[in-house]
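# A look at the structure
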Amino acid sequence: MAAKSLSSLLAELRSDAEVIRAGGGAQAIDRQHAKGRLTARERIAALATDFFELGLWAAWQMYGDWGGAPSAGVVTGIGTVAGRDVMIIANDATVKAGAFFPMTAKKVLRAQRIAMDNRLPLVYLVDSAGVFLPLQDEVFPDEDDFGRIFRNNAVISAMGIPQYAAILGNCVAGGGYLPVLCDKLIMTEGSGLYLAGPALVKAAIGQVADHEELGGAAMHAQVSGTIDFREKDDHAALDRLKRLVEMLPAGNAPVRHSEPLGSMADPKGSEYLTLGLPKEYDVRDLVPCFLDAGPFDEYKAEFGPTLVCGYGRLGGVPVGVVANQRKRSRTPQGEVQVGGVIYVDAADKAARFIMDCNQTRIPIIFLQDVNGFMVGRASEQAGIIRSGAKLVNVISNSVVPKITVILGGSCGAGNYALCGKAFDPRFIFAWPTARYAVMGGEQAASTLLDIQISALKRAGHVPDADELAELRQKVEASYEEQTDVRFAAARLWVDAIIEPAQTRAVLLKALSLAIRYDAGREFKTGVLQT
């Protein structure tokens with residue numbers, strides 16, 4: 001990609017991100033301030049330092065019929081509070097009063113999952129009107145919907161992971177269970193915590209009761225005994241939260257290692273971080289941009305060349321790396337192997353390498369720029385499905401922390417085999433140049449076009465040349481939109497879109513969180529086809 005193209009793409013992403021961070025806009029922010037309350041991002045800034053936001057692009061260009069839901073109406077990420085790394089989940093009341101859209105629930109669930117996997121304490125800053133009723137059927141009932149959040153609260157508590165909640169506005173209906181399932185609960189004056197508000201109570205049972213009687217802070221502090229601390233405003237509540245988090249035992253402090261080594265001063269692949277990735281490149285030039293300075297011990301360097309595997313260090317911590325090789329290679333038998341494609345030998349090598357990383361409890365970093373597995377008669381007869389299944393098996397059963405970065409293509413089963421979202425990476429990030437698709441764009445457009453033409457012919461209509469050209473243009477435009485990394489991020493298929501130059505810093509942060517805790521699970525794969 002040319003420098004201008006990457007520069008233009010980064011500028012567009014930065015501009016869109018600023019709009020997203022504005023939430024419901026200036027007027028909605030003013031209304032929040034008029035109530036004497038901070039916005040979600042202002043609360044996080046007052047509470048935490050070094051905030052690393054996750055899921056910023058959630059719900060991007062979704063829910064247009066309802067005016068949109070920037071960042072799905074909830075801000076999530078990892079920040080440092082009183083010297084401790086914590087997961088923060090803050091409802092954004094400037095977006096539909098903090099109501100839960102379908103993607104809001106999924107975003108909160110992803111944040112809880114990251115906290116569970118990495119044993120991070122959770123802080124919930126609650127200010128939500130509950131389920132967004134026009135879409136209640138998509139929010140309420142399923143195992144990855146609203147109710148799962150409260151199930152997770154209970155499971156997280158049983159795991160011994162601390163949870164704190166501060167009610168800083170509305171907390172109504174089923175959403176009321178979240179803070180009450182937490183270890184410590186703070187509530188500010190003027191906030192409300194109840195299963196049903198005054199209007200609903202009157203409609204349901206004919207009783208007339210005001211906001212304070214049903215769920216005010218004073219009532220819950222003095223009568224029901226539901227809350228632990230009553231505070232006058234946001235600032236007092238956030239100060240209390242800091243003091244409570246500070247009382248966590250030392251074991252909940254961030255993991256600190258020996259002084260991390262810097263990366264190589266000017267690795268050959270550093271130009272990719274500013275100019276973008278060319279169509280063909282040697283991923284061995286790129287890896288030193290992310291790892292500490294020092295040798296990269298490549299595993300089976302002369303075998304299975306379209307996947308590069310090896311050992312290095314990141315922040316002083318030993319890591320394994322599995323990366324797609326994007327340049328063409330030639331095997332000793334004279335076979336040319338295309339970059340970005342997984343062949344039988346590469347799949348076998350990567351499976352064995354991942355097993356070894358699990359044997360020695362070494363975290364794994366996956367760098368994806370993959371078109372998929374090799375197809376055709378020779379590949380099928382060599383056992384590509386068998387080798388691919390073996391790779392998928394060891395990825396699925398891997399017990400060490402896995403972190404995935406999607407640099408370019410993430411296509412088809414290549415996404416699965418190199419630890420896509422479905423295979424439980426602790427964190428999954430993407431460059432702006434990343435593309436998600438079942439298959440490459442040109443092949444997909446041709447296939448989709450053939451399907452549409454066949455449908456038209458079955459209906460008795462044979463399209464002419466102009467109509468075919470128009471159809472192809474529409475298909476390609478639609479496919480291009482759906483492969484845009486923002487489309488993926490909107491649906492939480494990635495945790496964050498990161499700028500290439502930020503990759504090492506992001507990986508250092510993610511790895512420090514991922515290695516906080518080792519559950520000691522035994523690594524085993526079950527049956528492997530060999």
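Before any of the text, the structure's been laid out above.
Predicted model only: the values in this text are computed from it and were never measured. (Residues numbered from 1 in each chain as written. Predicted model: local features only at pLDDT ≥ 70, side-chain atom pairs only at ≥ 80, totals over all residues. Heavy atoms only, no water.)

## Some points on the overall build of the protein chain
Rules: Secondary structure is summarised from DSSP: a helix means a run of H or I of at least four residues, a strand means a run of E of at least two, and numbering begins at the N terminus for each. What the globule rule says is 2.2 Å times the number of residues to the power 0.38, and the radius of gyration is computed from C-alpha atoms. Summary of the burial criterion: residues with accessible area below 20% of their type's maximum are buried, those above 50% are exposed, and those between are partly exposed, where the area comes from a 1.4 Å probe applied to protein chains only. Two residues form a contact once any of their heavy atoms are found within 4.5 Å. Residue-level accessible areas treat just the shown protein chains as cover; the underlying method is Shrake-Rupley with a 1.4 Å probe. Note that His is not counted, nor are the chain ends; the positive residues are Lys and Arg, and the negative ones are Asp and Glu. Here the site of a charge means atom NZ of a Lys, CZ of an Arg, CG of an Asp or CD of a Glu.
Each helix and strand counted, the protein chain has 21 helices and 20 strands in total. The globule rule puts the C-alpha radius of gyration for 530 residues at 24 Å, and the 25 Å found for the protein chain is close to it. Seen through its principal axes, the protein chain has C-alpha atoms that stretch 85 × 70 × 45 Å. Classification of the 530 residues of the protein chain by burial places 53% in the buried group. Within the protein chain, counting contacts between residues at least 6 apart in sequence, those at least 24 apart form 73% of the total. Accessible surface for the protein chain amounts to roughly 23,400 Å². Of this, 53% is attributable to carbon and sulfur atoms. Both charge centroids of the protein chain, one from 55 positive and one from 60 negative side chains, sit 4 Å from each other.

## Quick word on the packing of helix H3 (residues 40-47) against helix H11 (residues 234-246)
Formally: With axes taken as lines fitted to C-alpha atoms, and helix axes fitted only over the stretch in contact, angles between N-to-C directions fall between 0 and 180 degrees. Convention used here: angles under 35 degrees read as roughly parallel, angles over 145 as roughly antiparallel, angles from 65 to 115 as roughly perpendicular, and any remaining angle as oblique. Rotating anticlockwise by less than a right angle from the far helix to the near helix defines a left-handed crossing, while the corresponding clockwise rotation defines a right-handed one. In this classification, the charged set is Asp, Glu, Lys and Arg, the nonpolar set is Ala, Val, Leu, Ile, Met, Phe, Trp, Tyr, Cys and Pro, and all remaining amino acids, among them Gly, are polar.
Where H3 contacts H11, the two axes come as close as 10 Å, and the packing angle between them is 45°. Regarding the angle of H3 to H11, the classification is oblique. In this structure, H3 crosses over H11, and the sense of that crossing is right-handed. Between H3 and H11, the contacting residues are Arg43, Ala46 and Leu47 on the first element and Asp234, Leu238, Leu241 and Lys242 on the second. Within the contact of H3 with H11, the residues separate by chemical class into 4 nonpolar, no polar and 3 charged.

This is a description of form; function is not addressed.
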